[in-house]
Every structure is written in C-alpha cells, then in structure tokens.
Amino acid sequence: MSKVNAGLRYSAEHEWVDSSSPVRVGISAVAADALGDVVYVDLPAVGDTVTAGETCGEVESTKSVSDLYAPVSGEIVEINQEAIDNPALLNEDPYGAGWLFTVNATSEGALLTAEEYAEKNGGDL
Amino acid sequence: MTEKYTALYEAHKQLGASFTDFGGWQMPLKYSSELAEHKAVRTAAGLFDLSHMGEVEVSGPDAGAFLDYALAGKLSVVKVGRAKYSLITNNDGGIIDDLISYRLADDSYLVVPNAGNADTVAAELASRAEGFDVAVNNVSAEASLVAVQGPAAEAILLDLVPAHQAEAVTGMKYYAADTVGIRAGERTLDLLVARTGYTGEDGFEIYVPNDDAADLWSALLAAGEGRGLIPAGLACRDSLRLEAGMPLYGNELTLDTDPYAAGLGPVVALSKEGNFVGRSALEARKAAGPARRLVGLKGSGRRSARSHYPVLSSDGETVLGEVTSGAPSPTLGFPIALAYVDAAFTKPGTELNVDLRGKPESFTVVELPFYKRSKQ
C-alpha cells in the first residue's frame, strides 16, 4: 500500500503540506500511485498568488490528467524545476525530491492530519 | 454488476498487481510501472492475462456460410489454421463489436469478441443462426487467454515446446493458429496458440482451460526470466495498442460509428455473395462517405489530448471533431491521439488544434500507425 508520510498534513485533493516557512507542497504517494507514471507537471510561476482549494496546475500521467489544487493561499516563492524536468520524481520520491513548490502562506484550506488522510484514502502510515 | 475474476486473479495479487474494472472484470492494471511494462513489450516481452475476452465456438456444416451472413467479412474463405479480423454490425451498419475469428477445422470456428461485448455477441450470433445448420456455443466462462508479446516472445515460447513441435511455432505466420504442446510444470498441455496480438509486436495468444491457466502462466513467467519478460497490465496494453494505431471498442468503435468512418472499410466484404446483416445500410454508408473520419494526431507540445476533448480548426474557431483516445507515447516521446475529424481536414500534414481543457494546443494529422516495429 502507498505510504503516507506521518510528518505532513494533507488536502482532500491529495496535496501534502509541510510545516516549514514558506510551506512546501507536493502530492501524496497515494495520488501518485493512482495517477500512474507522471510524465508532465504544469506548476504556477514564482510570484503567482494561489488560493486554497482552487486549481493551480496540472499533473499528467500516461493515462490521465489531474488538476493540482492549492492547499494554502499565498504567493509562490519557489518551484521545483527538477520535478518539471523529470516528472518521474513525483512517483519515485513524492515527499522528497518530487516536491512541487513553496508558498508564503497567508491562510490554509481544510487540511487533514496524516492519520485522517490515511484512514480516508487507504494509505500506510 | 457482479465483479468477475479470471482464473489468474490470485497469481496477479501475488505479483502485487493493482486492479481495474474492465467490462465487469477485475483485471490487472499494472504490476510495477506501466512505462516499464510498455518498454518491456517493445524491447523484450510482456505477459498478459486476457481471460476477460470472450470465446464463442461456431460449428457445423454451415459454419462458414453462417459467419458470412452474421459478420461483415467473408469468413468462409479463411483457410483452416488462419484467423481473420472482422466486425459484427447491426442492421444499421453500426458496430456491435470488432472480433477475431479462427478457423479451426472446415466446419469449426472460434470467434473472439471483446470482454464487455462477449455475451451480446454470443446472443447476436445465436439469434442470427436460424436457418443455418450450425451450433453457437459461448464458452467464455471456461476459457482463459494468456498472451506473450514482444520480440522475445518466440524464444520464450520455444523453451516450453517439445523439440518436434518447434517448427509449428517458428513457422507460424501472423494471424495463424495451431494446436501446440506446451510444458507447464510436470505436464505438457495441448493448447491453441495463435500468432496474434494487440501491441504492435510479434507475439502469441494462447487459449487454455481455466484449470490449467495458472500452470501455463507460471511456466511462461519462468521461461521468460532472463529474457526480460515481465507481467504486463491493461494500462500498458492501452498505450501499446494506441501506438500501433489499433482501435479500441468503446473508444474508436461504437454502435454510433460505422466501418468507413473508422478506416475499416476493407474489412467489410460488400463483394461477397448473398445477404448479410447490415449490408444495405453499409452499402449506403459507403456510397455517402463518412462525414468524419478517424485520424492519427501528433502533438507538438508535452500535453496530451484525451478522450472526448474537442478537435478545433487551426485558428481555434471551429469544432471539427473529437478525440477518442490519447496519451503520451512512451516509445516515440510525443503525445499521440486518435480522433474523429471532419473528412475535409483528414489529410496527413493538416494542422489542427485540440482543446486541452480550455487551452488550444497544436496537433498535426499523421499516417497510422504511429509506431511500426522493424521487421527482422
């Protein structure tokens, strides 16, 4: 079963958020496994403002395209160019090298604890 | 719908497969990574469970004449030991299914419909059999189907075939079939082996009774070890068939499409004698010519067109059609798609747009297939 990282919080749309400042955002291993091999990611640009609960990009796998939702509101500080260049990182290391962007968060959407997310989505803590 | 499981379900679970529903069947979607499985089939070999496909036996003195009436092709001229791709249409010429028929003997055929259509096709054949000296027998529930596909397929299969029958495999032509002995554990099983597939590669499809399927599966996995064979799921089967430009029932082929729009005109034998189901409608459709035709599209960017996305004119102003299947091509490295497009815009080289969720992206009409294996 897919791993749920215990030290993170999660949106219902499968993004994870860490506790650093600015916050770092990625997608969960549960989501990456369900998508299949990721081949393309479309991310917001540095300086863009994103709004919690709204779409801010796309994750495309061999079989489908999924919207990427902002789990927090705020300004994009940094994007992970390595993940854009090598989208397989989202499958290989979704909580590490496959992170997506960082945000100067002004507010948060509804976030789940790792336990709540794992229970809802059937992941392994 | 009750979930259906193939005789290999436990084997897939042990291999760590993730499953998907396909035509009511719980089928392996992938075991590891669909890209790795795709690549294995192109460069070495993949092992597929296709037991969800249907099997309908058609036998009796009128078997050939009956299939000439029931299907769009001329099956009576197929030689014993050979197979033919055909269509079953309704009276309006709409496509009920695409299927492969094997002639096993002068008076015996095996018709193989798609998973979700197996019962419909069996019932249609039975209802069309009136007046023919023929028996239609749906044996889908008893038969499993295992495919080994890829350039290493022949060498892997030969490992399991007694030496005196090796020639039956090496000499087997594409779209031919024969009964061959295959070693599975302590036993040698006499099984129908066909040189057919749905991946664009060389390969074999092997029909096996459910009770023997797990032994055959294990034997093939073991024979393929060291030759690059890995189990392969439906995810890569879809990307492989798309690269090979092959239609998928439910995407490219439906009751609302006809063979001419789908580029399958040559499959319809209007020249055959006598009436067949759909003939007058198909003659009219051929004469009128389809308003839209199925084409291949090649994307210029990294984003893929997907099923049901609108196809637009190059200025983005006019809707010209709809995508039926689309994905990033693992082998070619660019997005590919099949789409029905206004017949005036189907010439290879035509520049079009596809509406990728609100953003137009440039695509070019290209010849099918997208990928063709190099012959040895």
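Residues numbered from 1 in each chain as written. Chains lettered and ligands numbered in written order. Predicted model: local features only at pLDDT ≥ 70, side-chain atom pairs only at ≥ 80, totals over all residues. Heavy atoms only, no water.

Chain B appears in an unreviewed UniProt entry as Aminomethyltransferase from Arthrobacter jinronghuae. If you open the UniProt record of chain B and go to Function (unreviewed entry), you find "The glycine cleavage system catalyzes the degradation of glycine." The Catalytic activity (unreviewed entry) comment attached to chain B in UniProt states, word for word, "N(6)-[(R)-S(8)-aminomethyldihydrolipoyl]-L-lysyl-[protein] + (6S)-5,6,7,8-tetrahydrofolate = N(6)-[(R)-dihydrolipoyl]-L-lysyl-[protein] + (6R)-5,10-methylene-5,6,7,8-tetrahydrofolate + NH4(+)". (UniProt positions renumbered as here; feature names shortened; annotations may be inferred.)

Going by an unreviewed UniProt entry, chain A carries the name Glycine cleavage system H protein and comes from Arthrobacter jinronghuae. Check the Subunit (unreviewed entry) section of the UniProt entry for chain A; it says "The glycine cleavage system is composed of four proteins: P, T, L and H."

1. Quick notes on the overall build of chain B
Across its full length, chain B carries nine helices and 20 strands. Relative to its length of 376 residues, chain B is compact, with a C-alpha radius of gyration of 21 Å against a globular reference of 21 Å. Dimensions of chain B along its principal axes, counting C-alpha atoms only, are 65 × 50 × 45 Å. For chain B, buried positions account for 56% of its 376 residues. Partitioning the intrachain contacts of chain B with sequence separation of at least 6 by distance along the chain shows that 64% fall at a separation of at least 24. As displayed, chain B offers around 15500 Å² of accessible surface, 49% of which is attributable to carbon and sulfur atoms. Between the averaged position of the 34 positive side-chain charges in chain B and that of its 48 negative side-chain charges there is a distance of 7 Å. (Helix = DSSP H or I, 4+ residues; strand = E, 2+ residues; numbered from the N terminus. Rg over C-alpha atoms; globule rule 2.2 N^0.38 Å. Buried < 20%, exposed > 50% of the residue type's maximum accessible area, 1.4 Å probe, protein only. Contact = heavy atoms within 4.5 Å. Areas by Shrake-Rupley, 256 points an atom, 1.4 Å probe, with all protein chains shown as cover. Lys, Arg positive; Asp, Glu negative; His and termini not counted. Charge placed at Lys NZ, Arg CZ, Asp CG, Glu CD.)

2. Things to note about the interface of chain A and chain B
Tallying the contact residues gives 18 residues for chain A and 14 residues for chain B. Of the roughly 1300 Å² buried between chain A and chain B, counting both surfaces, carbon and sulfur atoms make up 40%. It is Asp37, Tyr40 and Thr62 of chain A in chain A that bury the most area against chain B; as a group they hold 38% of the surface buried on that side. Where chain A meets chain B, there are five salt bridges. For the salt bridge of Glu60 of chain A with Arg306 of chain B, the shortest nitrogen-to-oxygen distance reads 2.8 Å. Summed over the shared surface of chain A and chain B, the result is 15 residue pairs in polar contact (both at pLDDT 80 or more). Elements with a contribution of two residues or more to the side of chain A that touches chain B: helix H1 (29–35), strand E4 (38–42), strand E6 (55–61) and strand E7 (65–69) of chain A. (Buried area = accessible area lost by both parts, 1.4 Å probe. Salt bridge = Lys/Arg side-chain N within 4 Å of Asp/Glu carboxyl O. Polar contact = N/O pair within 3.5 Å; in protein donor to acceptor, adjacent residues only side chain to side chain.)

3. Side note on helix H4 (residues 118–128) of chain B
Residue and element names in this part refer to chain B. All of the buried residues in H4 are Ala118, Val121, Ala122, Leu125 and Arg128. The buried side chains of H4 occupy one side of the element, clustering within an arc of 135° when seen end-on. In this structure, the buried residues of H4 make contact with strand E5 (56–59), helix H3 (63–70), strand E6 (83–89), strand E7 (95–105), strand E8 (108–112) and strand E9 (135–138). (Arc of directions from axis to C-beta.)

4. Focus on the packing of aromatic side chains
Under the criterion given, the structure shown has eight aromatic pairs over all chains. Taken together, a centroid distance of 6.3 Å and an interplanar angle of 45° make the contact between Trp16 of chain A and Tyr95 of chain A tilted. Here Trp16 of chain A, found in strand E2 (residues 15–17), pairs with Tyr95 of chain A, found in the loop between helix H3 (89–92) and strand E9 (101–108); they are 79 residues apart in sequence, far enough to count as distant. Note on Tyr5 of chain B and Tyr9 of chain B: the rings are 4.6 Å apart at their centroids and 70° apart in plane angle, and the pair reads as edge-to-face. The structure contains a cluster of three or more aromatic residues connected by ring pairs, namely Tyr5, Tyr9 and Phe19 of chain B. One cation-aromatic arrangement involves Lys298 of chain B over Phe334 of chain B; the distance from NZ or CZ to the ring centre is 4.5 Å. (Phe/Tyr/Trp six-rings, centres within 6.5 Å; stacked < 30°, edge-to-face > 60°. Lys NZ or Arg CZ within 6 Å of the ring centre and 35° of its normal.)

5. Structural notes on the UniProt feature "domain: Lipoyl-binding" (unreviewed entry) in chain A
Per the UniProt record, "domain: Lipoyl-binding" (unreviewed entry) is annotated on residues 22–104 of chain A. Span residues 22–104 of chain A is 19% helix and 43% strand, its end C-alpha atoms 5 Å apart.

6. Here's the deal with the sheet that holds strand E5 (residues 49–50) of chain A
Residue and element names in this part refer to chain A. Across the sheet, six strands lie side by side as E1-E2-E3-E9-E8-E5; this open sheet has antiparallel pairing. Each edge of the open sheet is held by one strand with a lone partner, namely strand E1 (9–10) and E5. Pairing of E2 with strand E3 (residues 23–27) involves three bridges; the strand directions are antiparallel. Note that in E3 the partner of Glu15 across the bridge is Ile27. (Pairing = 2+ DSSP bridges.)

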